[in-house]
Amino acid sequence: MAGGEQRGAPGAGRVALKKEIGLVSACAIIIGNIIGSGIFISPKGVLEHAGSVGLALVIWVLGGGVAALGSLCYAELGVTIPKSGGDYSYVTEIFGGLAGFLLLWSAVLIMYPTSLAVIALTFSNYVLQPVFPNCIPPYNASRILSMVCLLLLTWVNSSSVRWATRIQDIFTAGKLLALTLIIIVGFIQIFKGNYKELTPSNAFNFWMTPSVGHLALAFLQGSFAFSGWNFLNYVTEELVDPRRLCFSGAREGHLPSLLAMIHVKNCTPIPALLLCCLATLIIMLVGDTYTLINYVSFINYLCYGVTIIGLIVLRWRKPKIFRPIKVNLLIPITYLAFWAFLLIFSLYSEPVVCGVGLIIILTGVPVFFLGVYWRNKPKCVNRLIESLTCWGQKLCFVVYPQCGAAEEEEASSGHSWRPVSERAARK
């Protein structure tokens, strides 16, 4: 196997992404993304920035309402542009390749790795807390345990899709059980009369006067707990024709084809998993959990807003296109008003954290023009890309997933990241 794709008779030796994600697992993935580590760690950040229990509860309610508005907008986009890739596909379709690439760039380098780092750090802190009951777990112990967990889960996801989904189901059930116990204990305390802090006179008893910037940061912390509401736009098509975000990016020519390749036996996207694991390991060493939450929530909201702006632009450009779901324009406008408030005051309150995120996104501009827009590259560059792709395929034992004839033609037409390696693979 020198590279590229592995072809054979139809139905014989076909290498493709497995349809291992059923209805129960799909629901578990959605629930697992919404009810993640955020609900176990964000309340502290919300309460610290809100300054009172009552205002913190108001922020939680408003945050849930804003997430509901965003999900309605994504529902319209999902049925109007039925492409895999979620936000990335919508932004690419509406605003063009550069905007789509920058969103993909931020997702691969910032959003997904940072979210995984927060989840791993939260897990390690909870596991180590009984060992260090009177103090915060040591930095080194927390980071080492987080890295071990990340490497273990990367190995599981690389080895078997079935085992990965089973572990997802088990941990989702565990999180739901933990939340149920917390809710039950809370109601027991209320029935015992321990609800003085929830009475209006005490709930809004501020221990500090929050500024507008503090409120924006409280919303950012809360939004991390609600993140994942847009994940259905990725999963629904995978149930019919399973793909990954890296596959969508490689198909559009925005990522090297190696990141879309899968193992010839396990049918798992090993190169993409290794890249995500490496990025997460680096991010774990950069900042503390709450700084990372502000970091990823700011970038998440930036991408959500750009996508929902695309909904309004699409309404203006193609008013007669068929839309099975069509929301009232007040919904995206209301969302974008809150979005503008959140981003402006978050940038004002945390200029370094938010500014670093913006700089990383903008570093994708030269990468886009050199790697994607510049199609007539010298032969030496194409040979280097081909050599790196073949080396990566041999190391990970991966090939490009087979798909339908129409999709194969679309996937192999005019992609600047793989002009030579794909042709060489088909010889």
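The structure this text deals with has already been given above.
Calculation rules
- Residues numbered from 1 in each chain as written.
- Predicted model: local features only at pLDDT ≥ 70, side-chain atom pairs only at ≥ 80, totals over all residues.
- Heavy atoms only, no water.
- Helix = DSSP H or I, 4+ residues; strand = E, 2+ residues; numbered from the N terminus.
- Contact = heavy atoms within 4.5 Å.
- Areas by Shrake-Rupley, 256 points an atom, 1.4 Å probe, with all protein chains shown as cover.
- Phe/Tyr/Trp six-rings, centres within 6.5 Å; stacked < 30°, edge-to-face > 60°.
- Buried < 20%, exposed > 50% of the residue type's maximum accessible area, 1.4 Å probe, protein only.
- Lys NZ or Arg CZ within 6 Å of the ring centre and 35° of its normal.
- Core = buried A, V, L, I, M, F, W, Y, C linked by side-chain atoms within 4.5 Å.
- Salt bridge = Lys/Arg side-chain N within 4 Å of Asp/Glu carboxyl O.
- Axes fitted to C-alpha atoms, helices over the stretch in contact; angles between N-to-C directions.
- Parallel < 35°, antiparallel > 145°, perpendicular 65-115°, else oblique.
- Left-handed = near helix turned anticlockwise from the far one by under 90°.
- Nonpolar A, V, L, I, M, F, W, Y, C, P; charged D, E, K, R; others polar.
- Patch = residues over 30% accessible without salt bridge, like charges linked within 9 Å, V, L, I, M, F, W, Y side chains within 5 Å.
- Expected span 1.5 Å × (residues − 1).
- Arc of directions from axis to C-beta.

1. Structural notes on the overall build of the protein chain
Next up, step 1: Helix and strand content of the protein chain: 19 helices and two strands.
Next up, step 2: For the protein chain, the share of sequence-separated contacts (at least 6 apart) that also reach a separation of at least 24 residues comes to 82%.
Next up, step 3: Of the roughly 21100 Å² of accessible surface on the protein chain, a fraction of 71% belongs to carbon and sulfur atoms.

2. Remarks on the packing of aromatic side chains
Next up, step 1: Taken as a whole and judged by the stated rule, the model has 15 aromatic pairs.
Next up, step 2: Between F40 and Y126, the aromatic rings sit 6.4 Å apart at their centres with planes inclined by 80 degrees, giving edge-to-face as the arrangement. Taken together, the residues span a long stretch of sequence, with F40 in helix α2 (residues 38–50) and Y126 in helix α5 (residues 97–128) at a distance of 86 residues.
Next up, step 3: Among the residues examined, Y126 registers a relative accessible area of 48% and is labelled partly exposed.
Next up, step 4: Chaining the aromatic ring pairs together yields one cluster made of Y74, Y90, F219, Y301, Y304, Y335, F338, F341 and F345.
Next up, step 5: Above the ring of W163, the side-chain terminus of R166 is found at 5.2 Å from the ring centroid.

3. Some remarks on the environment of A56
Next up, step 1: As for its position among the elements, A56 is in helix α3 (residues 53–80).
Next up, step 2: Taking C-alpha positions, A56 is 9.3 Å from F219, a pair spaced 163 residues apart along the chain.
Next up, step 3: Beyond its immediate stretch of four places on either side in the chain, A56 contacts V46, L47 and A50.

4. Quick word on the nonpolar core
In globular proteins that are soluble, nonpolar side chains generally tend to be buried together.
Next up, step 1: I59, I299, Y301, Y335, W339 and L342 are the most contacted members of the largest nonpolar core, which has 75 residues in total.
Next up, step 2: Counting nine residues, the second largest nonpolar core, distinct from the first, contains F247, A260, M261 and I270.

5. Re the pattern of salt bridges
Next up, step 1: Counting across every chain of the model gives two salt bridges.
Next up, step 2: For the salt bridge of E76 with R315, the shortest nitrogen-to-oxygen distance reads 2.9 Å. In this pair, E76 is assigned in helix α3 and R315 in helix α13 (residues 289–317), connecting sequence segments 239 residues apart.
Next up, step 3: Since its relative accessible area comes to 2%, E76 is described here as buried.
Next up, step 4: Across the pair E76 and R323 runs a salt bridge, and its minimum N-O distance is 3.4 Å. A residue pair is termed long-range when its members are at least 10 positions apart, and E76 in helix α3 and R323 in the loop between α13 and α14 (330–349) qualify at 247 residues. In this structure, E76 and R323 share a single accessibility class: buried.
Next up, step 5: Among the charged side chains, a network of salt bridges with common partners joins E76, R315 and R323.

6. A few points about the packing of α13 against helix α15 (residues 351–362)
Next up, step 1: One can describe the packing of α13 onto α15 by two numbers: an axis separation of 9 Å at closest approach and a directional angle of 50 degrees. One way to sum up the angle between α13 and α15 is to call them oblique. α13 and α15 meet at a crossing whose hand is right-handed. Two secondary-structure elements touch here, α13 through T291, N294, Y295, F298, I299 and L302 and α15 through V353, C354, V356, G357, L358, I360 and I361.
Next up, step 2: Along the lines of polarity and charge, the residues of the contact of α13 with α15 split into 10 nonpolar, three polar and no charged.

7. Overview of the environment of A141
Next up, step 1: In this structure, A141 sits in helix α6 (residues 139–159).
Next up, step 2: Residue A141 is classed as partly exposed on the basis of its relative accessible area, which comes to 28%.

8. Observations regarding the side chain of T80
Next up, step 1: Relative to the helices and strands, T80 is located in helix α3.
Next up, step 2: Contact partners of T80, with chain neighbours within four places excluded, come to L314, I321, F322 and R323.

9. Some points on a nonpolar patch on the surface
Next up, step 1: A cluster of nonpolar side chains, L57, I183, F187, I190, F191, Y195 and L198, forms an exposed patch at the surface whose accessible area comes to about 730 Å².
Next up, step 2: Tallying contributions element by element places helix α7 (residues 161–191) first for the nonpolar patch, with four residues.
Next up, step 3: Assignment of secondary structure puts F191 in helix α7.
Next up, step 4: F191 gets classed as exposed once you look at its relative accessible area, which sits at 69%.

10. Structural notes on helix α17 (residues 379–396)
Next up, step 1: Here α17 is 18 residues long and its end C-alpha atoms lie 26 Å apart, about the 26 Å a rise of 1.5 Å per residue gives.
Next up, step 2: All of the buried residues along α17 are N382, I385, E386, T389, C390, G392, Q393 and C396. Buried residues in α17, looked at end-on, bunch into an arc of 160 degrees, giving them a common side. In α17, the exposed residues that point more than 90 degrees away from the buried face are L384, L388, W391, K394 and L395.
Next up, step 3: Just downstream of α17 lies F397, where phi reads positive at about 60 degrees.

11. A word on unusual backbone geometry
Most peptide bonds adopt trans geometry, and most residues besides glycine take a negative phi value.
Next up, step 1: For C267, which is not a glycine, the phi torsion comes out positive at approximately 55 degrees.
Next up, step 2: Secondary-structure assignment places C267 in the loop between β1 (262–263) and α12 (270–284).
Next up, step 3: According to the relative accessible area criterion, C267 is buried, its value standing at 7%.

12. Digging into helix α4 (residues 87–95)
Every α-helix carries 3.6 residues per turn, so stepping three or four residues along brings you back to the same face.
Next up, step 1: For α4, the buried fraction is high: seven of the nine residues fall into the buried class.
Next up, step 2: What α4 keeps buried is the set D87, Y88, S89, Y90, V91, T92 and I94.
Next up, step 3: Of the residues trailing α4, G96 is marked for its positive phi of about 105 degrees.

13. A closer look at the packing of α6 against α12
Between two packed helices, the angle of one axis relative to the other and the distance separating the axes together describe the packing.
Next up, step 1: Remark: α6 packs on α12, axes separated minimally by 10 Å, with the N-to-C direction vectors making an angle of 175 degrees. Taken together, the axes of α6 and α12 are roughly antiparallel relative to one another. In this structure, α6 uses Y139, R143, S146, M147, L150, L151, T154, N157 and S158 to contact α12, whose residues at the interface are I270, L273, L274, C277, T280, L281 and M284.

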